[in-house]
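These are the residues of each chain, in order.
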Amino acid sequence: MKKFSILLSGVMALAAFTACDDAPEAATPQKNPQPVIFQNADVQAALAAPLAQASAPGALPLNLQDYRDENLVTLMDNISVTNIPAGAEVVFELELSNSASFPAEATIPLTATTNADGTATILTSDWNQAHYDLEGKSMTPKQMYYRVYGYISLDNTRYLIGEADPANPSNVLPKSYGAGEFAEVPFELIIDSAYYLLSDATTWTFADAAPYKFSHEGDDVYANPVFTFEVEFADASEAKGYWKIASQKAIDAADWALVYGPSINGDKSMTGKLFINGQAGHITEPGTYTFSINMEDMTYTITKKTRPDYVVVASNASGWSATDGKSRLLYGEKDGVALFRGASVANNNDGGFKFVWDETWHGVDFSTAPDAANIKAPVDETRLYWFTVDTEVPSYTIKEVTSLGLIGLGGKWDPETDVVEMTPSEDYLTWTVDANLSGEWKIMINNTWDSNYGSGEGNTVVFNAGNISGYDGPHTVTLSFAGNTPTLKVEPRQ
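Each residue is numbered by its place in its chain's sequence as written, counting from 1. In keeping with the model being predicted, local features are shown solely for residues with a pLDDT of at least 70 and side-chain atom pairs are shown and tallied solely at 80 or more, while totals for entire chains, interfaces and linings include all residues. Working from all heavy atoms in the structure, the side-chain values ignore hydrogens and water.

Student: Teacher, can you tell me more about the overall build of the chain here?
Tutor: From N to C terminus, the chain includes three helices and 37 strands. Restricting the calculation to C-alpha atoms gives the radius of gyration, and the globule rule supplies 2.2 Å times the number of residues raised to the power 0.38. On C-alpha atoms alone, the chain measures out to a radius of gyration of 32 Å, which is more than a quarter above the 23 Å that the 2.2 N^0.38 rule sets for 494 residues. In terms of overall dimensions, the chain has a C-alpha envelope of 105 × 55 × 50 Å along the principal axes. When a residue's accessible area, from a 1.4 Å probe over protein chains only, is under 20% of the maximum for its type it is buried; when over 50% it is exposed; and in between it is partly exposed. In the chain, buried positions account for 45% of the 494 residues. Only the protein chains shown count as cover for residues, and all accessible areas are computed by the Shrake-Rupley method using a 1.4 Å probe. Of the accessible surface of the chain, which amounts to about 23700 Å², a share of 47% is contributed by carbon and sulfur atoms. Positive: Lys, Arg. Negative: Asp, Glu. His and the chain ends are not part of the count. Charge placement uses NZ in Lys and CZ in Arg. For Asp and Glu, CG and CD serve respectively. Averaged over its 30 positive side-chain charges, the chain has a centre that lies 2 Å from the centre of its 64 negative ones. Here a strand is any run of E in DSSP of at least two residues, a helix any run of H or I of at least four, and the numbering for each starts at the N terminus.

What follows is the structure, encoded as structure tokens:
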């Protein structure tokens, strides 16, 4: 055998991968090229047509769907090999990235099989999965970057093929067999009908996963690929708090290879990529969390709940109830500011009122002490007030509701001239007006857009929601604050 010059510095042996029969394997490892260590091999090859054509100027996107039935994509052809040790094999590796800088965290290597006919091929499914892992399942063409290196595989070790640097012959560079960028489309998008949270807080058993199904809005998972699930991790520690996500297909087949997770076992990130046959993420702090997964982009976002579902204004006027206030203040956004907002009655008959959320009472200065003083309302008698409450700072504002009215009738939206005033009941819980309805309208409080109600689900109204519509002609409109949430009744009038 001819003697070859082998640079010993930086030798990296490939680790042998093993997997338990009862646990998912790790996601595809990500790495950059090894140091140059084998420089005298004479291995020639040309980039094959699919990738070479796709990376040409003005080319159409490479559609992996075209190679799905063939099961293989040709990476290299016209391969010729001389001057390699006996028993050695030539291996080509395609590195894909969604970044021109090929960072380790966004680069996936795909090993091609060198064939006797002078070609090197990659499994289409592996190439497609790399696209999913980098860019998700969207059918919109995505810009990808690639580079191809050759390796000599000998005695369970791979050596990166190198060549002399033309500018400095004493320096050795990796031999590039192709590099560039191209647009790519993955397999036809397939989103499952349902997904389930497997975790220490739910279950690790496929048969028991049904109660832990993610919620989804709408019937079309392709029109809306986002699924959500709220869960409480009462115990989150080094030994607890782990999670994965199972598709309906995984549940039906009881197959861990179809379960999604991050690429690193125990990953504590609150956002990241989902990988099929992935590892377990890790929640480290007790609390209630919302999982949001986008199965087109193959991403997840986990948000720890830091605010209550609602805030109650409890007073003599509302029966001093922690849950049945008249009415609850709900979380909503206006001009980028998200607060708990709403109208509620209050009086000072028992010294004022308190705010209640998460079963905790808050008095003056938001004190939660059992003997904390009540907060005084501006007027001693029962009135309806508009509240805004920030439970995180915490802070609040209170403003007496002096007028309520319909705006937008007949396409007129000027708060100074076009509000049709409503009349309150003696206890300020019910407001009514007879009006000739047409088009779209809302209910305005104190003639300002800062406090208004729009259409909610059923007969409810919601702060700053969309316009109310669907009525035409004379009607009696009644807005009631007697329950937990304000309700609207619109009745035809003769």
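Student: Is there a simple way to think about the environment of N277 in this case?
Tutor: Tracing the sequence through the fold places N277 in the loop between β18 (275–276) and β19 (281–282). We classify N277 as buried; its relative accessible area is 17%.

Student: Would you explain the packing of aromatic side chains in this entry?
Tutor: Any pair of aromatic rings gets described here by the distance separating the centres and the angle formed by the planes. Put simply, two rings from Phe, Tyr or Trp (the six-membered ring, in Trp's case) pair if the centres are within 6.5 Å, and we call them stacked under 30 degrees between planes, edge-to-face over 60, tilted for the rest. Applying the stated criterion across every chain yields a total of 28 aromatic pairs. Clustering of aromatic rings is evident, with ring pairs tying together F353, F355, W357, F366, Y385, F387 and Y396. Of note, K175 hangs over the ring of Y177, and the distance from its end group to the ring centre comes to 5.2 Å. Criterion for a charge above a ring: Arg CZ or Lys NZ at most 6 Å from the ring centre, at most 35 degrees from the ring normal. Note that R307 overlies the ring of Y331, its terminal NZ or CZ placed 3.7 Å from the centroid.

Student: Could you clarify how one ought to interpret the side chain of T202 in this entry?
Tutor: Turning to its location among the elements, T202 is positioned in the loop between β13 (195–199) and β14 (226–233). Assessed through its relative accessible area of 15%, T202 is described here as buried. From its side chain, T202 meets the backbone oxygen of L197 in a polar contact 2.8 Å long. Here S199 takes part through its side chain, which lies 2.8 Å from a polar atom of the side chain of T202. A contact between two residues is defined here by any heavy atoms of the two lying within 4.5 Å. Ignoring sequence-local partners within four residues, the contact set of T202 consists of L197, Y212, F229 and V231. Under the rule applied, a polar contact is a pair of N or O atoms within 3.5 Å (in protein, one hydrogen donor and one hydrogen acceptor; residues adjacent in sequence only if both atoms are side-chain atoms).

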